[in-house]
Amino acid sequence: MNIAVLGINHKGGSAEVREKVAVKEPQIPLFLERLSEQFEESVLLSTCNRTEVYVAFSEKGYEETKVRLLKFLLNGQHNNQELVSKFYFYSEAETARHLFKVASSLDSIVVGETQILGQVKVAYQNALTQKATGSRLNRLFQHSFRVAKRVRTETDIARGNHSVSSVACRLAEEKLGSLKDKQVMIIGAGKIGEVTLQHLIKKGAEAIFVGNRTFEKAEELTKRFGGTALHFKDCFEKMAECDLVISQTSSPHYIICKKNISANRKTQVFIDLAIPRDIEPGVVEAKDIFLYNLDSLQEIVDRSFNVREEEAKKAEAIIEEELSNWR
């Protein structure tokens, strides 16, 4: 049975493009069900930095598979060549090489970040739950977990616990200076919100507010790590007092718009870590508002990558070695 992957990530597509094909958690079962109507096996990986569909098939050729997947992901925009050109398509061994790099965090915005392996495992478990995957992709994904474990144990690529959240906090420090005397708001109490809260506390931030649509989740998070929980409806009034707002929800639409920006406020930095984006780009039209999203983090990431470049080369060597074993 043949295998292939079609995807888009932070290297080829801006946040604006990536959000067009992002699949949120509630949509995943239906998405996999529809994929199963066309392919024997499938796994969907959709994060803030990438959307990828892995498939196994026996009847179709690679070009037909690519076209079908583009139609599937782009919902009628598959004739938009500018958009199509931002996608990558790999088959057979190149599919395995790509997945091994993804699971080992060599293909992440922040090389060495630890969150992606968990996201790959969740994607695979979703496919298992929906009975969308089978022996071919099972072997591939299970082998990718072993490769990622080797990379973690045999290299220092993850040294320092780098993540998108840690880079966002460094960006905030560069723009605002010390965070100790700043008021900070986190919107979204999921895993990224949790990691962001931990990094902010390490940076010395003390006045931290955490808002979430489910208040109990925000409350549970602040009880564990610190900060003050807010009901979602109270976030916008409190936001006017904050120097820094970091948002990372799973909302399918903007939750912070121009109309939410108070005229009576201080200079503010907004960092949007969500895909689809949480913050309307037009907020920067207000005076003294500075907005950054996932694409804005690349400059800081590039500065820190040299430290881990040698470890990345070791990881690449492990991946090449494992490619001959995975089948």
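Everything that follows concerns the structure shown earlier in this document.
So, here is what we can say about the structure in this document. (Residues numbered from 1 in each chain as written. Predicted model: local features only at pLDDT ≥ 70, side-chain atom pairs only at ≥ 80, totals over all residues. Heavy atoms only, no water.)

1. Comments concerning the sheet that holds strand β1 (residues 2-9)
Sheet strands line up and pair through hydrogen bonds in the backbone, either parallel or antiparallel.
Now for step 1: The strand order β2-β3-β1-β4 describes an open sheet built from four strands, whose pairing is antiparallel. On the outer flanks of this sheet lie β2 (41-46) and β4 (88-91), each paired with one strand and no other. Across the sheet, the mean angle from the axis of one strand to that of its neighbour is 10°, orientation sign disregarded.
Now for step 2: Against the sheet, helix α2 (residues 28-36) touches β2 and β3 (50-57), its axis set at about 145° to β2.
Now for step 3: Taken strand by strand, helix α6 (residues 115-129) contacts β2 and β3, and its axis lies near 145° from that of β2. (Pairing = 2+ DSSP bridges. Helix = DSSP H or I, 4+ residues; strand = E, 2+ residues; numbered from the N terminus. Axes fitted to C-alpha atoms, helices over the stretch in contact; angles between N-to-C directions. Contact = heavy atoms within 4.5 Å.)

2. Re the sheet that holds strand β6 (residues 207-212)
Now for step 1: Pairing in this open sheet of six strands is parallel, and the strands run β7-β6-β5-β8-β9-β10 from one edge to the other. Each of the sheet's edge strands pairs with one partner strand only, and the pair in question is β7 (228-231) and β10 (289-293). Within this sheet the neighbouring strands show an average axis-to-axis angle of 20°, counted without direction.
Now for step 2: Sheet topology places strand β9 (residues 268-272) next to β10; five bridges connect them, and they run parallel. Across the sheet, the residue bridging to Asp272 is Asn293, located in β10.
Now for step 3: Sheet contacts for helix α10 (residues 215-225): β6 and β7; angle to β7, the most-contacted strand, approximately 175°.

3. As for helix α13 (residues 309-323)
Now for step 1: Taking 1.5 Å per residue, 15 residues should reach 21 Å; α13 reaches 21 Å between its end C-alpha atoms and fits that length.
Now for step 2: Every buried residue belonging to α13 is among Glu311, Ala312, Ala315, Ile318, Ile319, Glu322 and Leu323, and all of these are buried. Down the axis of α13, the buried set is contained in an arc of 140°. They therefore lie on one face. (Expected span 1.5 Å × (residues − 1). Buried < 20%, exposed > 50% of the residue type's maximum accessible area, 1.4 Å probe, protein only. Arc of directions from axis to C-beta.)

4. Focus on the nonpolar core
Now for step 1: Grouped together as the largest cluster of nonpolar side chains are 57 residues, with contacts concentrated most on Phe87 and Phe141.
Now for step 2: Top element by residues in this core is helix α7 (residues 135-154). It accounts for seven residues.
Now for step 3: Excluding residues within four positions of it along the chain, Phe87 makes contact with Leu6, Gly7, Ile8, Val21, Leu70, Leu73 and Leu74.
Now for step 4: In this structure, Ala15, Ile186, Phe215 and Ala229 belong to the second largest nonpolar core, which totals 37 residues. (Core = buried A, V, L, I, M, F, W, Y, C linked by side-chain atoms within 4.5 Å.)

5. Here we look at the pattern of salt bridges
Opposite charge on two side chains lets them pair, provided their charged atoms get close.
Now for step 1: Taken as a whole and judged by the stated rule, the model has 24 salt bridges.
Now for step 2: The partner of Lys11 in a salt bridge is Asp107, and the shortest N-O contact between them spans 2.8 Å. With Lys11 in the loop between β1 and α1 (15-21) and Asp107 in the loop between α5 (93-103) and α6, this residue pair connects regions lying 96 residues apart in the sequence.
Now for step 3: Residue class for Asp107 comes out buried when judged on its relative accessible area of 7%. (Salt bridge = Lys/Arg side-chain N within 4 Å of Asp/Glu carboxyl O.)

6. Let's talk about the packing of aromatic side chains
Now for step 1: Here the structure, examined in full by the defined rule, presents eight aromatic pairs.
Now for step 2: Look at Phe39 and Phe57: their rings are 6.4 Å apart centre to centre, the planes differ by 65°, and that puts the pair in the edge-to-face class. One end of the pair, Phe39, is in the loop between α2 and β2; the other, Phe57, is in strand β3, with 18 residues separating them in the sequence.
Now for step 3: For Phe39, a relative accessible area of 3% translates into the label buried.
Now for step 4: Their ring planes at 65° and their centres at 5.8 Å tell us that Tyr124 and Phe145 sit as a pair that is edge-to-face. In this pair, Tyr124 is assigned in helix α6 and Phe145 in helix α7, connecting sequence segments 21 residues apart.
Now for step 5: Through successive ring pairs, a cluster of aromatic residues spans Tyr54, Tyr124, Phe141 and Phe145.
Now for step 6: A cation over an aromatic ring shows up here: Arg34 above the ring of Phe72, its NZ or CZ 4.5 Å from the ring centre. (Phe/Tyr/Trp six-rings, centres within 6.5 Å; stacked < 30°, edge-to-face > 60°. Lys NZ or Arg CZ within 6 Å of the ring centre and 35° of its normal.)

7. What about the environment of Leu221?
Now for step 1: Secondary-structure assignment places Leu221 in helix α10.
Now for step 2: In sequence terms Leu221 and Ala189 are 32 residues apart; their C-alpha atoms lie 6.9 Å from each other.
Now for step 3: Apart from the residues within four sequence positions on either side, Leu221 is in contact with Ala189, Gly193, Glu194, Leu197, Val210 and Gly226.

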